[in-house]
Structures are given as C-alpha cells and as structure tokens.
Amino acid sequence: MSALDIVHAYEKSPLGQFFISIDNVWVIIFQIVHVFSILTVLTAIIVLAFHALGLLPIGESNERLGKLFFKVTWIGVIGAIISGSLLFLTSATHYFTNRAFPIKLILLAIAIVVQFVIFKRFFLRQPSYFISTKVVAVLSVFLWFATGFAGRAIGFV
C-alpha cells in the first residue's frame, strides 16, 4: 500500500468525509490561525536574530530574551502544525500530490532543528558578538522564510 493509497483511504473514511465536508468558514478559520501562527514564529525569530546580529540592542541578557522568545516560537510552531494539519485533512490529496508540499515539510523540519537545537544553543551559551551565533541567526531566518515561501507556493503549483 502506497502513501497515496493511505491518503485516499483516509479521504473515504468517516473522518476524512467529515473534514472534506466541513463548512468553508472552518477552513478559513484554520487558515487564519495558520497565518497568525506563522507570523508569531517569524516575529520571534526576527527579534532573536536581530538581537544576535546586534541590530536590536535590547537591555536584556541573551538568557532572559531567549527564554521568552524561544517559548513564543514554540507556541507559534505548535499552532502552525496543528492548524496546518487541520488544513491538510480538509484536502489531503490536493496537498499530498502538490510538488511544493514535501519541500515545505522538509524545510520546516530543518528550520525546527536549526532553531531549537543549533541556534538556541549558540544564542544562550555564546555572546552575541561571536560570528558563529550571527551565521546561525541568519541561517535560521532564511530557513523560516524559505518554509513560508514554500508554503505559499502550494497555492500556485
């Protein structure tokens, strides 16, 4: 059984039929939550990255700033994953067969690892003026925006 067969089986299931038949108002709500979750992630990422690059000199230590904004980032990521999953359930075959969809998922996975494993470690343990912290900050911003662009491409591919 292929992955596409599983998606088709889901769509024929009672759960799949429920999500396919839900009112468009709910789909719009899922989309709004998804966009606001992504904006939450990007805002937190940009604050952290700009601080690491010395472009946003906030009078807080990296530890205090990181503690807050890494939590905010997680909240945004969780909101985006939940709302994105609900959107997927409303049109699984469309998303699953879309060429941009796997690219978005791969970029999302890489962005999460870079953000919460590498960047967090550099940001919290090294002074912001270290070049490695600045490089990872730029990489993180790039990956999150690339993920967003890949997500937008789903509507056009």
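Use the structure listed above.
Just so you know, these numbers come straight off a predicted model, no measurement behind them.

## Side note on the packing of aromatic side chains
To describe a pair of aromatic rings, you give the distance between the ring centres and the angle between the ring planes.
Logical step 1: Applying the stated criterion across every chain yields a total of 10 aromatic pairs.
Logical step 2: Measuring from ring centre to ring centre gives 6.0 Å for Tyr 95 and Phe 101, while their planes differ by 45°; the resulting arrangement is tilted. Accessibility assignment for this pair places Tyr 95 and Phe 101 in one class, buried.
Logical step 3: Taken together through their ring pairs, the aromatic side chains of Phe 70, Trp 74, Phe 116, Phe 119 and Phe 123 make up a single cluster.
Logical step 4: Over the ring of Phe 70 we find Lys 120, and its NZ or CZ is 5.8 Å from the ring centre.

## Observations concerning the side chain of Ser 83
Logical step 1: Mapped onto the elements, Ser 83 comes out in helix α4 (residues 62-90).
Logical step 2: Ser 83 sits in the buried class, given a relative accessible area of 2%.
Logical step 3: What Ser 83 contacts, discounting residues up to four positions off in sequence, is Phe 30, Val 33 and His 34.

Calculation criteria
Residues numbered from 1 in each chain as written. Predicted model: local features only at pLDDT ≥ 70, side-chain atom pairs only at ≥ 80, totals over all residues. Heavy atoms only, no water. Phe/Tyr/Trp six-rings, centres within 6.5 Å; stacked < 30°, edge-to-face > 60°. Buried < 20%, exposed > 50% of the residue type's maximum accessible area, 1.4 Å probe, protein only. Lys NZ or Arg CZ within 6 Å of the ring centre and 35° of its normal. Helix = DSSP H or I, 4+ residues; strand = E, 2+ residues; numbered from the N terminus. Contact = heavy atoms within 4.5 Å.

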